[in-house]
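A look at the structure
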Amino acid sequence: MKALTRRAAVLCSLLLLAAAGPASELHVASSGGFAAAYKALAPLYEQKTGEALFIAWGPSMGETPQAIPARLARGEPLDAVIMVGYALDDLIKQGKVVPGSRVDLARAGIGVVVRAGTPHPDISSVEALKQALLAANSIAYSDSASGVYIQNEMFKKLGIADQVAGKARMIPAEPVGAVVARGEAEIGFQQISELKPIRGIDLVGPLPPEVQIYTVFSGGIVSASGNQPQAAALLRFFASPEAAQAVTDSGMERMPGK
């Protein structure tokens, strides 16, 4: 009965979206953390609404041209953005994203990967993780939220910031898993949802709970968009119960209470 009720609610929601006067196309920019879920959900949304979704990928922060703030700064035509929640808040403060439009979609923990077929380090405890990092020849982490935390906080919590400084590097605008798969880093860190789609790596596991953090991925409506009602409807769909399985399968978690 609950499943039928959820289906009915989703159907009513989609009928309301269609009645809102759908745009022929919507342009979205998303960070990689939500990529796997987006790729699973976008075709379903297009089929049910008749709208065409166009996606551009880029990090939530950083200095690369692909970064979502850089896309908005140069006036790239976008209707909605999906990115790290606190970075989205910065864009709201700047007037680039509509105030009050933020929708929290999912959260992701940080995972540890090695090249496929290589020995898995012990990361079952904080002390084990510390020893694994001290023993590693090279370490890679992203230039987005997870990497900022690894570089600025986690290494310090473990008391190894100085010891790993010469062998740890931030990877700009590329999945960390790809760097590890090529053998250019022995251990890599990134959100699990960004690591799972990469071939040639093994997911060792999540960080120990004592040093784990969750990054919230949120969507917002671009202030310059001419399709704001449709952009809002898209974000509601991504946060709906119908999207839950795709979110979970991608390695993310639904927001608590949803």
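This text follows the structure it describes.
Residues numbered from 1 in each chain as written. Predicted model: local features only at pLDDT ≥ 70, side-chain atom pairs only at ≥ 80, totals over all residues. Heavy atoms only, no water.

1. Thoughts on the packing of helix α2 (residues 35-49) against helix α10 (residues 228-238)
Between α2 and α10, the shortest axis-to-axis distance is 11 Å and the interhelical angle comes to 125°. It follows from the interaxial angle that α2 and α10 lie oblique. Considering how the two elements wind past one another, α2 and α10 form a crossing that is right-handed. Taken together, the residues of α10 that come into contact with α2 (itself represented by Tyr38, Leu41, Leu44 and Tyr45) are Gln230, Ala233, Leu234, Phe237 and Phe238. (Axes fitted to C-alpha atoms, helices over the stretch in contact; angles between N-to-C directions. Helix = DSSP H or I, 4+ residues; strand = E, 2+ residues; numbered from the N terminus. Parallel < 35°, antiparallel > 145°, perpendicular 65-115°, else oblique. Left-handed = near helix turned anticlockwise from the far one by under 90°. Contact = heavy atoms within 4.5 Å.)

2. Re the environment of glycine 117
Within the secondary structure, glycine 117 is located in the loop between β4 (103-115) and α5 (126-135). Sequence separation between glycine 117 and valine 176 is 59 residues; the distance between their C-alpha atoms is 17 Å.

3. Details of the pattern of salt bridges
The full count for this structure, using the stated rule, is nine salt bridges. Across the salt bridge formed by arginine 107 and glutamate 253, the nearest N and O atoms sit 3.0 Å from each other. Taken together, the positions of arginine 107 in strand β4 and glutamate 253 in the segment after α11 (244-249) put the pair 146 residues apart, joining distant regions of the chain. Residue classification places glutamate 253 among the partly exposed positions, given a relative accessible area of 32%. For the salt bridge of glutamate 184 with arginine 169, the shortest nitrogen-to-oxygen distance reads 3.8 Å. Note that glutamate 184 is positioned in the loop between α8 (176-181) and β7 (187-191) and arginine 169 in strand β6 (residues 168-171), a separation of 15 residues in sequence. (Salt bridge = Lys/Arg side-chain N within 4 Å of Asp/Glu carboxyl O. Buried < 20%, exposed > 50% of the residue type's maximum accessible area, 1.4 Å probe, protein only.)

4. Points about the packing of aromatic side chains
Evaluated as defined, the whole model comprises six aromatic pairs. Aromatic side chains tyrosine 45 and phenylalanine 237 sit 5.1 Å apart centroid to centroid with 45° between the ring planes, which places their arrangement in the tilted category. One end of the pair, tyrosine 45, is in helix α2; the other, phenylalanine 237, is in helix α10, with 192 residues separating them in the sequence. Given a relative accessible area of 4%, phenylalanine 237 falls into the buried group. Here the aromatic rings of tyrosine 141 and phenylalanine 155 are separated by 5.9 Å at their centres, their planes lie at 75°, and the arrangement is edge-to-face. (Phe/Tyr/Trp six-rings, centres within 6.5 Å; stacked < 30°, edge-to-face > 60°.)

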